[in-house]
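# A look at the structure
Below, each chain spelled out in residue letters.
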Amino acid sequence: MTSLKTKVIHGGISTDRTTGAVSVPIYQTSTYKQNGLGQPKEYEYSRSGNPTRHALEELIADLEGGVQGFAFSSGLAGIHAVLSLFSTGDHIILADDVYGGTFRLMDKVLTKTGIIYDLVDLSNLEDLKAAFKAETKAVYFETPSNPLLKVLDIKEISSIAKAHNALTLVDNTFATPYLQQPIALGADIVLHSATKYLGGHSDVVAGLVTTNSNELASEIGFLQNSIGAVLGPQDSWLVQRGIKTLALRMEAHSANAQKIAEFLEASQAVSKVYYPGLVNHEGHEIAKKQMTAFGGMISFELTDENAVKNFVENLRYFTLAESLGGVESLIEVPAVMTHASIPKELREEIGIKDGLIRLSVGVEALEDLLTDLKEALEKE
Ligand SMILES: Cc1ncc(COP(=O)(O)O)c(C=O)c1O
């Protein structure tokens, strides 16, 4: 079997079919000349298909072990298309700490179409089993989750979902296919904010989806074309270029994050660290089983919650910004930034405290990142 390290470079359609160009060109066109009336060629209109986007779609399917891939104009556009598989009366079990935007889409947009949902702590499998109703059609979660780095057992959850005739939908944004393969563990649909590690350079907003089923692929393809939030050719090219170095980057992110998590854990100024690579992290054993490394995301709490503002503003290499997964290190406070769309009472219930800080550890020199954190903690 070809290694993922090779697949990120040679997977999908890695050379241009027409010219042999080793970097698939940006086919900046909206339409295609037809052979004759009623005789279109392979592509007829760029919402329904574009060669640059197609190369990326084949690549994500190849990397995740799916049958077909789909590229969207954002991660949320992909999530929206997938959740449009469901309709009035359908019930979805949603992990209780999904990304704020995913929660908002479900709570404020999809419920208008008559879809119902329950938020469930999926690390408790008994709670999951108890949450199924006759109308339950899917279980949706991230692992590791954003921002609490909760690790959920994909194999166990998907087998429980199957027993209830429900689909398992996994947002694999934090791990990427390089660290975790949800379809091989039983998931039906895998989703990505490709804005993050897949793009890898904080220069593109994109979403990717793939599935293990031809039937689901045909439905998702229909929804992608019908809703129309497709990824443009320039952005498709950028994501493909990013993916070529995914293996190198994920190894570097994970190595840096492990050391930084250990440093934070040992610091007096830090009261709690959430990182799946730490042996005392609740999901460490599951992470060891289903991931090849623990990724670049860390969340933590300061002993003095009032020091958060000074701390995040006193760093040199950790830029205060939303998003994650780029080569540069970023820092943010979920309660006021990425997860502000979740009401405060609910955030508190699920453990996203106002003082929680999230790091996206980049691939800079570890010494510089450690010095930066150390100095900012001392200044606090
Ligand atoms: C885990 C996760 N899923 C989905 C999304 C949404 O993706 P996008 O911002 O590309 O629409 C995000 C964005 O932060 C995310 O962190």
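Each value, and the rule that gives it
- Residues numbered from 1 in each chain as written.
- Predicted model: local features only at pLDDT ≥ 70, side-chain atom pairs only at ≥ 80, totals over all residues.
- Heavy atoms only, no water.
- UniProt positions renumbered as here; feature names shortened; annotations may be inferred.
- Helix = DSSP H or I, 4+ residues; strand = E, 2+ residues; numbered from the N terminus.
- Rg over C-alpha atoms; globule rule 2.2 N^0.38 Å.
- Buried < 20%, exposed > 50% of the residue type's maximum accessible area, 1.4 Å probe, protein only.
- Near = heavy atom within 4 Å.
- Polar contact = N/O pair within 3.5 Å; in protein donor to acceptor, adjacent residues only side chain to side chain.
- Areas by Shrake-Rupley, 256 points an atom, 1.4 Å probe, with all protein chains shown as cover.
- Phe/Tyr/Trp six-rings, centres within 6.5 Å; stacked < 30°, edge-to-face > 60°.
- Pairing = 2+ DSSP bridges.
- Axes fitted to C-alpha atoms, helices over the stretch in contact; angles between N-to-C directions.
- Contact = heavy atoms within 4.5 Å.
- Core = buried A, V, L, I, M, F, W, Y, C linked by side-chain atoms within 4.5 Å.
- Domains from an automatic or database assignment.
- Right-handed = clockwise from strand over helix to strand, strands pointing away.
- Salt bridge = Lys/Arg side-chain N within 4 Å of Asp/Glu carboxyl O.

With an unreviewed UniProt entry as reference, the protein is termed Cystathionine beta-lyase, source organism Lactococcus lactis subsp. cremoris. What the UniProt record of the protein gives under Sequence similarities (unreviewed entry) is the line "Belongs to the trans-sulfuration enzymes family."

## Details of the overall build of the protein
Each helix and strand in the protein was counted, giving 14 helices and 12 strands. Relative to its length of 380 residues, the protein is compact, with a C-alpha radius of gyration of 21 Å against a globular reference of 21 Å. Its C-alpha atoms give the protein principal-axis dimensions of about 75 × 50 × 35 Å. A total of 380 residues make up the protein; the buried ones form 55% of that total.

## So, the site of the ligand
The ligand sits among 13 residues. The nearest are Gly75, Asp171, Ser193, Thr195 and Lys196. One nitrogen or oxygen atom from the side chain of threonine 195 is found 2.6 Å from an oxygen atom belonging to the ligand. Here an oxygen atom of the ligand sits 2.6 Å away from a polar atom, N or O, in the side chain of lysine 196. Relative to its free-state accessible area of 380 Å², the ligand is covered by the protein chains to the extent of 91%. Here the element with the most residues in the shell around the ligand is helix H3 (residues 75-83); it accounts for 3 residues.

## Points about the packing of aromatic side chains
Enumeration over the complete set of coordinates arrives at 3 aromatic pairs. Aromatic side chains tyrosine 32 and tyrosine 43 sit 5.7 Å apart centroid to centroid with 35° between the ring planes, which places their arrangement in the tilted category. Placement of tyrosine 32 in the loop between helix H1 (4-10) and helix H2 (51-64) and of tyrosine 43 in the loop between H1 and H2 is noted, with a sequence separation of 11 residues between them. For tyrosine 32, a relative accessible area of 15% gives the class buried. Pairing phenylalanine 103 with tyrosine 117 gives two aromatic rings, centres 6.4 Å apart and planes at 85°, and the pair type is edge-to-face. Taken together, the positions of phenylalanine 103 in helix H4 (residues 100-109) and tyrosine 117 in strand S3 (residues 116-120) put the pair 14 residues apart, joining distant regions of the chain. In terms of burial, phenylalanine 103 and tyrosine 117 fall into one category: buried.

## Quick word on the UniProt feature "modified residue: N6-(pyridoxal phosphate)lysine" (unreviewed entry) in the protein
The residues that UniProt annotates with the feature "modified residue: N6-(pyridoxal phosphate)lysine" (unreviewed entry) are Lys196. Relative to the helices and strands, lysine 196 is located in the loop between strand S6 (189-193) and strand S7 (207-211). Here the side chain of lysine 196 touches serine 193 through a polar contact of 3.0 Å, side chain to side chain.

## A look at the sheet that holds strand S4 (residues 136-142)
Spatially, 7 strands are ordered S1-S7-S6-S5-S4-S2-S3 in an open sheet, and the strand pairing comes out mixed. Unpaired on one side and paired on the other, strand S1 (68-72) and S3 mark the two borders of the sheet. Neighbouring strand axes in the sheet, compared pairwise and without regard to direction, differ in orientation by 20° on average. As defined by bridge partners, S4 adjoins strand S5 (residues 167-171) across 5 bridges and the pair is classed as parallel. Bridge pairing in S5 links phenylalanine 141 to valine 170. Strands in contact with H3 are S1, strand S2 (91-95), S4, S5, S6 and S7; relative to S6, the strand with the most contacts, it is inclined by about 155°.

## Here's the deal with the nonpolar core
In this structure, Val239, Ile298, Phe300 and Phe311 are the most contacted members of the largest nonpolar core, which totals 61 residues. Per element, the largest residue contribution to this core is 7 residues, and it comes from helix H10 (residues 246-266). Lining this core are residues from two domains, each supplying at least three of them: domain 1 (4-243) and domain 2 (246-378). The next biggest cluster of nonpolar side chains, apart from the first, holds 47 residues, and it includes Ala77, Val120, Phe132 and Leu216.

## Quick look at the pairing of S2
Of all 5 residues in S2, 5 are buried, a share of seventy percent or more. Of the two faces of S2, both are covered, the one formed by His91, Ile93 and Ala95 as well as the one formed by Ile92 and Leu94. For S2 and S3, the ladder comprises 5 bridges, and the chain directions are parallel. If you follow isoleucine 93 over to S3, its bridge partner there is aspartate 118. Note that the unit made of S2, H4 and S3 has a crossover that is right-handed. As judged from the 4 bridges shared by S2 and S4, these two strands associate in the parallel manner. The residue bridging histidine 91 from the neighbouring strand is threonine 136, located in S4.

## Overview of the pattern of salt bridges
Enumeration over the complete set of coordinates arrives at 17 salt bridges. Notably, a salt bridge pairs glutamate 251 with lysine 5, separated by 3.7 Å at the nearest N-O pair. Taken as a pair, glutamate 251 in helix H10 and lysine 5 in helix H1 lie far apart in primary sequence, 246 residues in all. Among the residues examined, glutamate 251 registers a relative accessible area of 39% and is labelled partly exposed. Taking the relative accessible area as the measure of exposure, lysine 5 reaches 40% and is therefore partly exposed. Here aspartate 96 makes a salt bridge to lysine 150, at a shortest N to O gap of 3.0 Å. Of this pair, aspartate 96 sits in the loop between S2 and H4 while lysine 150 sits in the loop between S4 and helix H6 (154-163), placing them 54 residues apart in sequence. Both residues of the pair, aspartate 96 and lysine 150, count as buried. Each of Lys344, Arg347, Glu348 and Asp354 takes part in one network of salt bridges that share partners.

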